[in-house]
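Listed below, chain by chain, are the residues.
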Amino acid sequence: MSRAGELFTAPGHPFNCAQAVALGNGHEEQKEDLARCGGGRAPGGICGALHAALLLAPEDQREAIQAEFQRQAGALTCREIKGQTGTPCLQCVEIATALLEKAQGKI
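What you see is a predicted model; the values in this text were computed from it and never measured.

1. Concerning the overall build of the chain
- If you tally the helices and strands in the chain, you get six helices and zero strands.
- Start at the N end of the chain and walk to the C end: the helices and strands fall as α-α-α-α-α-α.
- For 107 residues, the compact-globule estimate of 2.2 N^0.38 gives 13 Å, and the C-alpha radius of gyration of the chain, at 12 Å, lies within 12% of that figure.
- Overall, the C-alpha framework of the chain stretches about 30 × 30 × 25 Å when taken along its three principal axes.
- Considering only residue pairs separated by 6 or more positions, the chain has 50% of its internal contacts joining residues 24 or more positions apart.
- When the accessible surface of the chain is split by element, carbon and sulfur atoms take 49% of a total near 5600 Å².

2. Description of the pattern of salt bridges
- Following the criterion strictly, the structure yields three salt bridges and no others.
- Of the charged contacts, one joins Glu 28 and Lys 31 as a salt bridge, the two residues approaching to 3.8 Å between their closest N and O atoms.
- Among the residues examined, Lys 31 registers a relative accessible area of 24% and is labelled partly exposed.
- A salt bridge links Glu 68 to Arg 71, with the nearest nitrogen and oxygen atoms 2.7 Å apart. On the criterion of helical spacing, the pair formed by Glu 68 and Arg 71 is a turn pair, its members being three residues apart in helix α4 (residues 62–73).

3. Comments concerning the environment of Gly 39
- Within the element layout of this structure, Gly 39 appears in the loop between α2 (17–24) and α3 (48–56).
- Counting along the chain gives 34 residues from Gly 39 to Ala 73, while the straight-line C-alpha distance between them is 16 Å.
- If near-sequence neighbours (up to four positions away) are discounted, Gly 39 is found in contact with Cys 78 and Lys 82.

What counts, and where the lines are drawn
Residues numbered from 1 in each chain as written. Predicted model: local features only at pLDDT ≥ 70, side-chain atom pairs only at ≥ 80, totals over all residues. Heavy atoms only, no water. Helix = DSSP H or I, 4+ residues; strand = E, 2+ residues; numbered from the N terminus. Rg over C-alpha atoms; globule rule 2.2 N^0.38 Å. Contact = heavy atoms within 4.5 Å. Areas by Shrake-Rupley, 256 points an atom, 1.4 Å probe, with all protein chains shown as cover. Salt bridge = Lys/Arg side-chain N within 4 Å of Asp/Glu carboxyl O. Buried < 20%, exposed > 50% of the residue type's maximum accessible area, 1.4 Å probe, protein only.

Below you can see the structure in the form of structure tokens.
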């Protein structure tokens, strides 16, 4: 499990999916800004984990991240992911983290 996954599943669930992706990738400064982006509240209703990955990724990598996230998670919006694909939130955090790390050249 990634550091983001560990933060997301920490006892007491202190971080939402977007915060976990940011914090797990060393972006502490984004914690407060992303506090309102979990549970389908990211702009456009997209998955919060994806939102954080797109926010932190190099601009030229964002389209590819979004396309690959949709392929792996089955959808882009929280509502569709939870209602239609059944992809667990933790899996979305892990997908977004891996895609962000790849875009940043960490893996």
